[in-house]
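# Structural characterization, general
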Amino acid sequence: MADKEATVYIIDLGSSMGDCHNGRIESDLDWGMRYVWDKITTTVAASRKTWTVGVVGVRTDETNNPLQDQQGDGYENISILRELGPMDLTSLRSLQDLVRPSNTESGDCISAIVLAVEMIERFTKKLKFKRKIILVTDGEGSVDPDDFDEISEKIKACGIELVVLGIDFDDAEFGFKEEDKSSQKKTNEGLLKTLVDKCDGLYGTMAEAIAELDIPRLKPVRPYKTYDGELTLGNPAEHKDAMSISVERYFKTHKATIPPASRVVIKTDSGPSQADNGNEMEGVESTSAFAAVKNARAYKVNDPEAPGGKRDVEFESLAKGYEYGRTAVHISESEYNITKIETTKSFTILGFIHQEKYDPFFNMGETCQTVAQKFNDSAALKLSSFIHSLQELESYAVARIVTKDGKEPALILLAPHIEPEFECLYDVPLPFAEDVRKYQFPPLDKVITVTGNIIQEDHRLLPSKDLSEAMDDYVDAMDISSWEKDEDGNRTEEYAAVEDVFCPPLHRINQVVRHRAIYPDQPLPPVAPILLKYSNPPEDLLAKAKLRLEDLISEANVKKVPPKAKARREKGHKPEPISGLDVDALLNQPDNKRRKIDPENAIPGFKQMVELASEESEIEDAAKQMGSIIRSLITHSVGDSGYDRAVEDLGVFRDMMVKWEMPALYNTFLQDLKKRLLSGELGGDRRMLWFQMKGARATLGLIDQSVSDPSTVTPEEALDFFRN
């Protein structure tokens, strides 16, 4: 596609365009301008000087065009509203004031097309441009068919694409037909369709064009070359048999960025602003409503002798410091350059791995594709042989790449890709050892007992055969690989294909910005349905899989869990267990009731003792025991070996007191614990534990009134507790 564009919009401004038809509450002109404004604002947002726009009005009250002066009759009531040129927001606002229905019915659309051709030809000359004329009309004006052949030949000779969009024009493919159409409009539709066919252009109804505005338009992106050089296997400088292929590497997937917002301030007076003094913000158009804002950063250091106790320092005097524990280690700029790893541009294969032995979760980011160097037949032959070898051996290549001298090295995985007319190597970055998270989780297909026995069936934590089959049936019923309907209405297409799923935040912001640029005083439009289409599974698919889901729920014995209590429950109002058993009665029996918390299993014992307490004195006893256990853990801790258990117990202690609305028990204990910690009563210097508790103040601090109403501690007192 050409980088330069020249588009002329021809707008029918006849008096008939001010009427409303087919149940619409807005005029035909406003309705048709939805499409025009959307296209123009897209051009404005692109901010490319080579994308030019011109606007011509037909059936206007005035006549303002050069062809009327040069050729005389035939170009009356046609006005150039804007000459071809770059478009910005200020020009857009000025153009809006000119687009109004006129008081005349005179003006020929074909003459307006001739004028648009002349404008494009005069502006673009013989340069490489993508040329287009878009006519928006209701077909009620005059259409002169005398010179269709000459006009169509001129349009094709200039390489111009003619697009005619008619207000309420009949379109069998789109499925629209206007009833009670005037004979003149019906005749004009046929004439315009004939001209478009002669020009090999596009003809359609405005309803279809507006319906397609909600479909996001993907921004064309130029290929970005991330590497251009040799792909080697071995060292060609030392070994004659080493492989060296001239290649180019491009992005295949790259995350699209959401457009950022620049900070501006609303002007409150008409006096001179910073923008007027030549300090306008770079890349942002100056307007009468907003002024640019610039950021200024100041660096200060503590200085008791300076006013206010702080002194400004210059940025050039700052040095790099790296955190080392609770201090900073200084490294000068010269030393930093020495310690930096020196790398040279290279792309070297380290080895190969069988496809079955590669785990997909090692993919670390965006995908690139490597192709042979352009116009290098030898490189294309070598790379093709290498790709086919990987494909036949079902293997991947592991390579080290440095895209530029001094850049950090990266490990990538090269995978072969072969199509009838295209071959390449796709690559994804691989992790280093520090990037891998090795978390251990229990297996899902077996249960390992305490004695080491492995149970693979007939266990309450393992699915039965019937449950597995029910889940298989439900997964098959929710298959979307061929759920989308094709043109014939058959479900053969893939649902939620990548090319149909758009980024909602990106396109929503673009939609809102375009709307606000055109209609600054109107409320924002609703989210386009296509952006929410894939937020939930398709309803017809859910209806189809409903029976399978019910079978799965029945087989899995799924039951509703009562809501978790947020405050202390009164005795006699506890939820009934699902099983129907009176668990409290069983645990409250004298032989089963817990009276002492086991220090080795403190958390479950404390929770059970508090949950089954029938009087507040029993909760106070549980809190007293828990406090003793926490103090004992700290006192007998060798170094910081017992700190984690003590902090965990302290967090559970606090949560239970919040739940049962008895914050005073925890607050009293914590205040006493602070005194003991800082005074050294609990086995010596335990200040490191105090610093650890300060780091988790949100979950270990005093229970204030914002957390629990019965508390007598204010939020300010809770903050000061760790400060003092």
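These numbers were taken from a predicted model, which means no experiment stands behind them.

Let us now look at the side chain of Arg654. By secondary structure assignment, the location of Arg654 is in helix α18 (residues 643–659). Beyond its immediate chain neighbours, meaning those up to four positions away, Arg654 contacts Tyr666, Ala698, Thr699, Leu700, Gly701, Leu702, Ile703 and Val707.

Relative to the 24 Å expected for 17 residues at 1.5 Å per residue, helix α6 (residues 183–199) spans 25 Å between its end C-alpha atoms, a close match to the ideal helical length. Buried residues of α6: Lys185, Asn188, Glu189, Leu192, Leu195, Val196 and Cys199, and no others. The buried residues of α6 all sit within an arc of 130° when viewed along its axis, so they share a single face. Opposite the buried face of α6, at more than 90 degrees from it, the exposed residues are Ser183 and Lys186.

Turning our eyes to something else, we now look at the sheet that holds strand β5 (residues 160–166). In sheet architecture, strand pairing relies on hydrogen bonds along the backbone and comes in two forms, parallel and antiparallel. Read from one edge of the open sheet, 6 strands run β3-β2-β1-β4-β5-β6, paired in mixed fashion. Where the open sheet ends on each side, the last strands, each with one partner, are β3 (78–86) and β6 (202–205). Between one strand axis and the next, the sheet turns through 15° on average, direction left out of account. Pairing between strand β2 (residues 51–58) and β3: 6 bridges, direction antiparallel. Within the sheet, the bridge partner assigned to Val56 lies in β3 and is Ile80.

In this structure, strand β16 (residues 368–372) lies alongside strand β19 (residues 422–429), joined through 3 bridges in antiparallel fashion. Looking at β19, one finds that Cys368 is bridged to Asp427. As defined by bridge partners, strand β18 (residues 410–419) adjoins β19 across 8 bridges and the pair is classed as antiparallel. When the sheet's bridge partners are listed, Ala415 is paired in β19 with Tyr426. If you look at the hairpin formed by β18 and β19, you'll find 2 residues sitting between the two strands.

Taken as a whole and judged by the stated rule, the model has 31 salt bridges. Here Arg34 and Glu26 are joined by a salt bridge, their closest N and O atoms 2.4 Å apart. The class of Arg34 is partly exposed, set by a relative accessible area of 38%. Classification of Glu26 as partly exposed rests on a relative accessible area of 22%. Of the charged contacts, one joins Asp170 and Lys177 as a salt bridge, the two residues approaching to 3.8 Å between their closest N and O atoms. Counted as one network, the salt bridges with shared partners bring together Asp170, Lys177, Glu178, Lys181, Lys185 and Glu189.

Moving on to the packing of aromatic side chains. In total, this model carries 16 aromatic pairs according to the counting rule given. Measuring from centroid to centroid gives 6.2 Å for Phe352 and Phe386, while their planes differ by 55°, and the two rings are tilted. Remark: Phe386 occurs in helix α9 (residues 377–393) and Phe352 occurs in strand β15 (residues 346–354); sequence separation between them is 34 residues. With relative accessibility at 8%, the residue Phe386 sits in the buried group. Among the aromatic side chains, those forming a connected cluster through ring pairs are Tyr358, Phe361, Phe362 and Tyr396. In this arrangement the basic side chain of Lys345 is found over the ring face of Tyr227, its NZ or CZ atom lying 5.3 Å from the centre.

Our next topic: the pairing of β18. In this structure, strand β17 (residues 395–402) lies alongside β18, joined through 5 bridges in antiparallel fashion. Its bridge partner being in β18, Ala399 is matched across the sheet by Ile412.

Together, Ile258, Ile509 and Val513 make up a nonpolar patch on the protein surface, roughly 230 Å² of accessible area in all. Structurally, the position occupied by Ile509 is in helix α11 (residues 504–518). By relative accessible area, Ile509 is classed as partly exposed at 32%.

About the cut-offs
- Residues numbered from 1 in each chain as written.
- Predicted model: local features only at pLDDT ≥ 70, side-chain atom pairs only at ≥ 80, totals over all residues.
- Heavy atoms only, no water.
- Helix = DSSP H or I, 4+ residues; strand = E, 2+ residues; numbered from the N terminus.
- Contact = heavy atoms within 4.5 Å.
- Expected span 1.5 Å × (residues − 1).
- Buried < 20%, exposed > 50% of the residue type's maximum accessible area, 1.4 Å probe, protein only.
- Arc of directions from axis to C-beta.
- Pairing = 2+ DSSP bridges.
- Axes fitted to C-alpha atoms, helices over the stretch in contact; angles between N-to-C directions.
- Salt bridge = Lys/Arg side-chain N within 4 Å of Asp/Glu carboxyl O.
- Phe/Tyr/Trp six-rings, centres within 6.5 Å; stacked < 30°, edge-to-face > 60°.
- Lys NZ or Arg CZ within 6 Å of the ring centre and 35° of its normal.
- Patch = residues over 30% accessible without salt bridge, like charges linked within 9 Å, V, L, I, M, F, W, Y side chains within 5 Å.
- Areas by Shrake-Rupley, 256 points an atom, 1.4 Å probe, with all protein chains shown as cover.

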